[in-house]
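# Descriptive analysis of the structure
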Amino acid sequence: MRFIEVEGKLIPESLAKEYGGEAKPISRIDHIVPLPLNPQFSVSTKLLSFLEGRHLLLDELPFPLDVIHTHYEHGYISYEKGIVQTEQGWRCRRCGNENTHLFASFFCARCETICTYCRRCIMMGRVSECTPLLVSHFYSEPAMYEKPLAWNGELSLGQQQAAEAVVAAVEKNLELLIWAVCGAGKTEVLFSGISRALELGKRVCIATPRTDVVLELAPRLKQAFPAVPVIALYGGSDERGTLSPLVVATTHQLLRFYQAFDVMVIDEVDAFPYSVEPMLQYAVEKARKETSALIYVTATPHKAWQQEIKLGKRQAVTIPARYHGFPLPVPSFEWCGNWRKAVKRGLFPRNVSAWIERRLQEGKQAFLFVPHVELLERVVAILKQLDNRIEGVHAEDRERKEKVHAFRKGNIPILVTTTILERGVTVPNIDVAVLGAEDDIFTEGALVQIAGRVGRSAQYPSGDIRFFHYGKTKEMLKAKRQIIRMNKEAEERGMLKRG
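Anyway, here's the lowdown on the structure attached to this text.

Conventions and cut-offs
Throughout this description, residue numbers start from 1 for each chain and increase along the sequence as written. Restriction of local features to residues with pLDDT of at least 70 applies here, the model being predicted, together with a cutoff of 80 or more for giving and counting side-chain atom pairs; totals for whole chains, interfaces and linings are based on all residues. Excluded from the side-chain calculations are hydrogens and water; all other atoms, namely the structure's heavy atoms, are used. Any residue under 20% of the maximum accessible area for its type is buried, any over 50% is exposed, and the rest in between are partly exposed; the area is computed with a 1.4 Å probe on protein chains only. Strands here are runs of E lasting at least two residues and helices are runs of H or I lasting at least four, both read from the DSSP assignment and numbered beginning at the N terminus. Strand pairing follows a simple DSSP-based rule, namely that at least 2 bridges must link the two strands. For the handedness criterion, the strands are oriented away from the viewer, and a crossover whose path from the first strand over the helix to the second runs clockwise is classed as right-handed. Here a patch means residues that are over 30% exposed by relative accessible area and free of salt bridges, tied together within 9 Å if like-charged and within 5 Å if nonpolar (Val, Leu, Ile, Met, Phe, Trp, Tyr). Accessible areas in this description were obtained via Shrake-Rupley with a 1.4 Å probe; residue shielding takes into account the shown protein chains only. One speaks of a salt bridge when a side-chain nitrogen belonging to Lys or Arg is within 4 Å of a carboxyl oxygen belonging to Asp or Glu. His is not counted here, nor are the chain ends, while Lys and Arg score as positive and Asp and Glu score as negative. We put the charge of a Lys on NZ, of an Arg on CZ, of an Asp on CG and of a Glu on CD. Axis definition: a line fitted to C-alpha atoms, limited for helices to the stretch in contact. Angles are taken between N-to-C directions and run from 0 to 180 degrees. Here the word oblique covers every angle except those under 35 degrees (roughly parallel), over 145 (roughly antiparallel) and from 65 to 115 (roughly perpendicular). Helix crossings are classified by the rotation of the near helix relative to the far one: an anticlockwise turn of less than a right angle makes the crossing left-handed, while a clockwise turn makes it right-handed. It only takes one pair of heavy atoms within 4.5 Å for two residues to be counted as in contact. Only Phe, Tyr and Trp rings take part, Trp by its six-membered ring, and two of them pair if their centres are within 6.5 Å. Stacked means planes under 30 degrees apart, edge-to-face means over 60, and tilted covers everything else. Working rule: Lys NZ or Arg CZ, within 6 Å of ring centre, within 35 degrees of ring normal, means a charge sits over the ring.

Alternating positions in strand E21 (residues 414–417) separate into two faces, Ile 414 and Val 416 on one and Leu 415 and Thr 417 on the other, with burial throughout. Here strand E19 (residues 365–369) runs beside E21; their pairing, made up of four bridges, is parallel. The residue bridging Leu 368 from the neighbouring strand is Val 416, located in E21. Bridge count for strand E20 (residues 391–393) against E21 is three bridges, and the pairing is parallel. Following the sheet pairing, Val 393 is matched in E21 by Thr 417. A crossover connection joins E20 to the parallel E21 through helix H11 (residues 400–409); in handedness this β-α-β unit is right-handed.

Quick look at the structure:
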């Protein structure tokens, strides 16, 4: 789209037939000033509620251009540059991209010239020189809820201490890290803080890197806050045109928001892709209001954050014990020789086979983690000779959801998996083994998360976690030390059950 400037106003070329002047892509217009708000204007509440707190392309708004432009003329909407030129090149205002190699140019039919666009966030619609981003200057009255929390469960000592810290962060707009061991009940820890935010008329977003976590959290939040509209946003969601006081979303979806949330919770902050993708971290900052609370939740903070916590440079609260009060199962290390060579020959290390066979004999379900997809397929082929019900699953598996569901139901005895299932899947009574724990993919955080699959249920608080290896690594040792350290802290703080 191109615009014509008329007395400080921008007019889309298709609506400016009676005006003269040169039509330009919005990025080539020097000064763009929001127009004064006209309180007498009869607004479209549907349009403004759709756009409130968002940063959207024209193509994402299901409203006629003349209606959108009329709201611009009366100060309720602004046209903003999608990408801006910098001394180094270009900068995308939706995703923050400044990497030269992540921009490209083409001849654009819309602006009838060579047009540069951002490649980094292209999956959410193209942002280019001639693409305006639209922002609303209308803010609806916040909804306030009286005692919205309907959850009647009890919190453990560690959970209660963390919940109080969350409430304080919400009230004072603080930044807080919750370091909670796997199975600590971190969702329940957030309930009091969410409730307090809703009582104060604040809008809350819980963002997580993965769609399956969004799908798991949304029904739990709806059950805990039955009087509050809860929406789930992810790729393919049918709720993307609405906004509510309580939103659970993938971090990618935050690219579409602009100063929308008073409380931003980042769940699994150390997880891929959020932990390695500056675009998603930019999206979080853009989506939260300038004055807001920012709460991080993780079982495995990266090393720099752990150091900051030790030095008192980062405000954090630790939950070193699970909600049921039993200690974390500690992994054992077991050498299994050159397992890669054996697998290539269609064989399995004897001690690993014995571990699998014992689970089959006892009817005990188990995860077997392997480093890479190509190894997974070979391992599954070998293990199916022991039991044809054994299956494998990985990130690109089209039957991933069906297999995980079958495993939950008990129809699959052993599920071979990559690190895709190191988080988010809870099965009450399982054992876990890692084949090739020395592989670089198995970092300290990944191994702690994998070990955290065991003993999560109060009915089955223990289990076997085995790291089969061809040589111990520092990451293996650090993971084991972290688990032992958490158990020690939990005991010292009186959070473990006696006897």
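Read on, since the account is not over.
A word on a positive patch on the surface. A surface patch of positive charge is lined by Lys 303, Lys 310, Lys 474, Arg 481 and Arg 485. For the positive patch, the secondary-structure elements that each account for two or more residues are helix H7 (303–310) and helix H13 (474–492). In terms of residues, the positive patch owes the most to one element, H13, which gives three residues. Position of Arg 485 relative to the elements: it lies in helix H13. Residue Arg 485 is classed as partly exposed on the basis of its relative accessible area of 39%.

Attention now goes to the packing of helix H12 (residues 444–451) against H13. Closest axis-to-axis distance for the H12/H13 pair is 8 Å, and the angle between their directions is 50 degrees. With respect to their mutual orientation, H12 and H13 come out oblique. Once H12 is placed against H13, the crossing between them reads as right-handed. Contacts between H12 and H13 involve Glu 444, Leu 447, Val 448 and Ala 451 from the first element and Glu 475, Met 476, Lys 478, Ala 479, Gln 482 and Ile 483 from the second.

Counted according to the given criterion, the structure contains 14 aromatic pairs. With a centroid separation of 5.5 Å and an interplanar angle of 65 degrees, the aromatic rings of Trp 151 and Phe 191 are classed as edge-to-face. Here Phe 191 lies in helix H4 (residues 186–199) and Trp 151 lies in the loop between strand E10 (132–136) and helix H3 (157–172), a separation of 40 residues in the sequence. Owing to a relative accessible area of 3%, Phe 191 belongs among the buried residues under this scheme. One aromatic cluster in this structure is built from Phe 3, Tyr 72 and Tyr 79. Here Arg 314 stacks its cationic end above the ring of Trp 305, 3.9 Å away from the centre of that ring. Cation over ring: Lys 480 sits above Phe 333, and NZ or CZ is 4.9 Å from the ring centre.

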